[in-house]
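Read off the chains here:
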Amino acid sequence: MATRFSRTTLVSALIVATALALVALGLTAITNAGATASGAAPAPAAAADPPAAASHVMQGHVMADAKPVAFGDDPDGDGYIPANPPVTGVEPSQEIPPHRYFHEFQANCSVTHTAPDDPIVYPGRAGASHDHTFMGNDTTNASSTTASLSAGGTACLARGDLSAYWMPTLYNGDQEIRPIGPQTIYYKAGVTDYRTVRPFPKGLRFVVGSPTQTPEQFRNHPGMVEGYECGESYHNYAFPAACPTSPDTQLNLRMQAPSCWDGKYLDTPDHQSHMAYPVVMGANQDVCPASHPVALPMIEFKMAWPVNGDMSQVRLASGAGHSFHYDFFNAWDDATLKAMVGHCVVGGLQCNARGYDEANPDRGAVLDENYELP
């Protein structure tokens, strides 16, 4: 009897323990489901950077939820915006051009505003995104289209640059940190044969990186340059724990965009597959792949946030430091962009925002003293 009683007790105890565990798991699932339904992500088990405050974590910006909708430049809502006309018959160049150390110009654009909008990922859905810091075009919002941007104003030095540039807003605790003054956005040759680079088509848009990328994906991203920098600290792929407190020390990041286009679409449902990075061919040549044969300028964001000292509370609206990404929506005046690309990129110069190379003053400038085409 004693043995039978202890076995019965053990079985009963196991049943009770299992039931309690299932109840606990069910409660956890319900809690997480509720967080997802409300737009807040469940707290991660661990993170390389300090977790963001709940009010700034993703805020509904879940890539799986960003389904194409009929709006603006995409009236049928399939996520594809065809180029009109498409660019066909282009073969990627593997030629070695005359050596030029530089083939670039700068677009110096200031911050205009911040808002939880993203006209590429969430077109027409105001407030659907995490908060973004917008530069360049001063009218950019969730409802922006090629036509609305072309009719807007600009905080870029070149008056013809009506493009929209944006990235997740940076916070130190709950304080919004905006880059001060014109930020440097390079337009470079991403391919070895810089002579083949042509201007962006009006309305082209894309996203570089992803808010959902992992720390490893951020570190190994093909557009990564040197990670986060501050003072003498380089190659950080999470926010540094601390930065020097000298007045001129800022948090910096440089990240390059793909520069090879398929020639078919101004946008695709994932906002990336119509673009590609050059591939290395032969003697360390960068050549566009056959699937994306059209060489466009390579955009490089070079951002500087005025924050230093204790960095433990620094975060992005999209999450940890590895969630950094940025968006580009081309609305340049066609004649201005064509002149800048032809003179500076194809011409093998290192130009400022006027299209002037101080090392080659005899080559002149593209824009006048008012940063306009003469």
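### As for the overall build of the protein chain
Helix and strand content of the protein chain: 4 helices and 24 strands. A buried classification covers 48% of the 374 residues belonging to the protein chain. Pairs at least 24 apart in sequence give 73% of the contacts found in the protein chain among residues at least 6 apart. Total accessible area on the protein chain is roughly 17200 Å²; 56% of this is exposed by carbon and sulfur atoms.

### Some points on helix 4 (residues 334-345)
Its 12 residues give helix 4 an end-to-end C-alpha distance of 16 Å, which sits within 8% of 16 Å, the value for a rise of 1.5 Å per residue. Buried-residue contacts for helix 4 involve strand 2 (104-109), strand 8 (183-189), strand 20 (297-305) and strand 24 (350-351).

### Examining the pattern of salt bridges
Counted by the stated rule, this structure contains 8 salt bridges. When the shortest N-O distance is used, the salt bridge between E300 and R254 registers 2.7 Å. Separated by 46 residues along the polypeptide, E300 in strand 20 and R254 in strand 13 (residues 251-256) bring together distant segments of the chain. With a relative accessible area of 25%, R254 lands in the partly exposed category. Three or more residues are tied together by salt bridges with common partners; here these are E95, D193 and R195.

### Re the sheet that holds strand 24
Spatially, the 7 strands line up as an open sheet ordered 11-10-13-20-8-2-24, and their pairing is mixed. What marks the edges here is a single partner per strand, and that holds for strand 11 (233-236) and strand 24. Bridge analysis of strand 2 against strand 24 gives 2 bridges, and the strand direction is parallel. For E104, the partnering residue across the bridge sits in strand 24 and is Q350. Relative to strand 2, helix 4 is tilted by about 135°, and along the sheet it contacts strand 2, strand 8, strand 20 and strand 24.

### So, the pairing of strand 9 (residues 205-208)
Because side chains alternate across strand 9, one face comprises the buried residues R205 and V207, and the other comprises F206 and V208, equally buried. In this sheet, strand 23 (residues 326-329) lies alongside strand 9 in antiparallel orientation, the contact comprising 4 bridges. Looking at strand 23, one finds that V207 is bridged to D327.

### Quick notes on the packing of aromatic side chains
Under the counting rule described, the total for this entry stands at 17 aromatic pairs. Measuring from ring centre to ring centre gives 6.1 Å for F105 and W332, while their planes differ by 90°; the resulting arrangement is edge-to-face. Residue F105 is found in strand 2, and its partner W332 is found in the loop between strand 23 and helix 4; the two are separated by 227 residues along the sequence. Given a relative accessible area of 0%, F105 falls into the buried group. Taking the relative accessible area as the measure of exposure, W332 reaches 1% and is therefore buried. Between the aromatic rings of F218 and Y228, the centroid separation amounts to 5.9 Å while the plane-to-plane angle is 40°, which identifies the pairing as tilted.

### Things to note about the sheet that holds strand 7 (residues 175-177)
The strand order across the open sheet formed by 3 strands is 7-6-22, and the pairing between neighbours is antiparallel. In this open sheet, the two edge strands, each paired with only one partner strand, are strand 7 and strand 22 (314-316). Each neighbouring strand pair of the sheet contributes to a mean axis angle of 35°, computed without reference to strand direction. Here strand 6 (residues 170-172) pairs with strand 22 via 3 bridges, running antiparallel. Directly across from L170, in strand 22, lies its bridge partner L316.

Calculation notes
- Residues numbered from 1 in each chain as written.
- Predicted model: local features only at pLDDT ≥ 70, side-chain atom pairs only at ≥ 80, totals over all residues.
- Heavy atoms only, no water.
- Helix = DSSP H or I, 4+ residues; strand = E, 2+ residues; numbered from the N terminus.
- Buried < 20%, exposed > 50% of the residue type's maximum accessible area, 1.4 Å probe, protein only.
- Contact = heavy atoms within 4.5 Å.
- Areas by Shrake-Rupley, 256 points an atom, 1.4 Å probe, with all protein chains shown as cover.
- Expected span 1.5 Å × (residues − 1).
- Salt bridge = Lys/Arg side-chain N within 4 Å of Asp/Glu carboxyl O.
- Pairing = 2+ DSSP bridges.
- Axes fitted to C-alpha atoms, helices over the stretch in contact; angles between N-to-C directions.
- Phe/Tyr/Trp six-rings, centres within 6.5 Å; stacked < 30°, edge-to-face > 60°.

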